[in-house]
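Reading the structure
So the chains spell out like this:
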Amino acid sequence: QIGRLGKQYSWSYIPSSIRSFIRDCLLLLFTVPTLAVVIFIKTNIEQTRLQRSQVEVANQAQQISIRISNFLSLYQAAVTRYASSYDISQFTPEFAQRQVESMHQLYSGFITMLVADENGRVTLASPPELYRDNMSISNREYFIVPKQKGIAYMSDAFRGRGFGTDPIVAISAPLYNEQGVFAGIIEGSLDSYQSLPSIKTTNSFDSDKPKPLPSI
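Digging into the nonpolar core
Note on soluble globular proteins: their nonpolar side chains tend to be buried together. Membership of the largest hydrophobic core comes to 24 residues, with the highest contact counts inside it found for Tyr75, Tyr86, Met103, Phe110, Ile186 and Leu190. Elements that contribute at least two residues to this core include exactly helix 2 (16–84), helix 3 (93–106), strand 1 (110–117), strand 5 (167–176) and strand 6 (182–191). Per-element accounting of this core gives the leading share, eight residues, to helix 2. By size, the runner-up hydrophobic cluster in this structure holds twelve residues, among which are Ala116, Met135, Phe143 and Ile185.

Printed below as a string of structure tokens:
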């Protein structure tokens, strides 16, 4: 009988401090694994979100890079095509000015355009009010490269010095007379703060597809 009572009331005879300790241990045994599982799941979810965000950012960056590359290629092609059909010997200054302004209107991403002679002296400008007598670009890369190599040129972004001081990207191409002799360049400037950022939120290039150049 005493043994049975001992078994029946053995828990009640355990000191309360020990009972509390046992309960705390049991609670920890249950809580710690549960917290570990919760933390593990949460960490995995956050990592998955981070990975998705990184992929999205990388995709967006790639799309922006492609858009900018296409945009620049489009404008370089326009300048090159215009230069190839430009015959200085056949133009009066007034007619040539109208043609440059017409191209500038078609390709409005250019903030300015100019034509320079074989010595780098600016002969035409668009907008026309920017033209100044005795303005020379003979020391600019966008003049030197087309003159020396006979190829179109696209600069890195740099701070303008002629028609303003905004960071620009210059696109130029050589001009030749009817004898095939270098006669100057045509150049357009893209504002890297205005023209290029504006295409980042554009879903297509419908507004900047190749346009028919002014009739020359």
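Concerning the environment of Phe182
Topologically, Phe182 is positioned in strand 6. Using a relative accessible area of 15% as the deciding quantity, one classes Phe182 as buried. Spatially, the C-alpha atoms of Phe182 and Lys147 are 6.9 Å apart, while their sequence positions differ by 35 residues. Look past the residues within four positions of Phe182 in its chain and what remains in contact with it is Glu118, Phe143, Pro146, Lys147, Pro174, Leu175 and Tyr176.

Notes on the pattern of salt bridges
A complete count under the given rule lists two salt bridges for this structure. With its nearest N and O atoms 3.5 Å apart, the salt bridge here joins Arg49 to Glu46. Linking Arg49 with Glu46, this pair stays in helix 2, spanning three residues, or about one helical turn. You can call Glu46 partly exposed: its relative accessible area is 41%.

What to know about helix 4 (residues 141–149)
Taken as a whole, helix 4 has its buried residues at Tyr142, Phe143, Val145 and Pro146. Residue Gly150 follows helix 4 closely and has a positive phi angle near 70 degrees.

Each value, and the rule that gives it
Counting restarts for each chain: residues are numbered from 1 in the order of the written sequence. With the structure being a predicted model, the display of local features is reserved for residues of pLDDT at least 70 and the display and counting of side-chain atom pairs for 80 or more, all residues being used for whole-chain, interface and lining totals. Here the side-chain values reflect all heavy atoms present in the structure, with hydrogen atoms and water set aside. Residues enter a nonpolar core if they are buried and are Ala, Val, Leu, Ile, Met, Phe, Trp, Tyr or Cys, with the set joined through side-chain atoms within 4.5 Å. Relative accessibility decides the category of a residue: with a 1.4 Å probe and only protein chains considered, values under 20% of the type maximum give buried, values over 50% give exposed, and everything between is partly exposed. Put simply, DSSP marks the helices as runs of H or I at least four residues long and the strands as runs of E at least two long, and each gets a number from the N terminus on. By definition, residues are in contact when any of their heavy atoms lie within 4.5 Å. Only one rule defines a salt bridge in this text: a Lys or Arg side-chain nitrogen within 4 Å of an Asp or Glu carboxyl oxygen.

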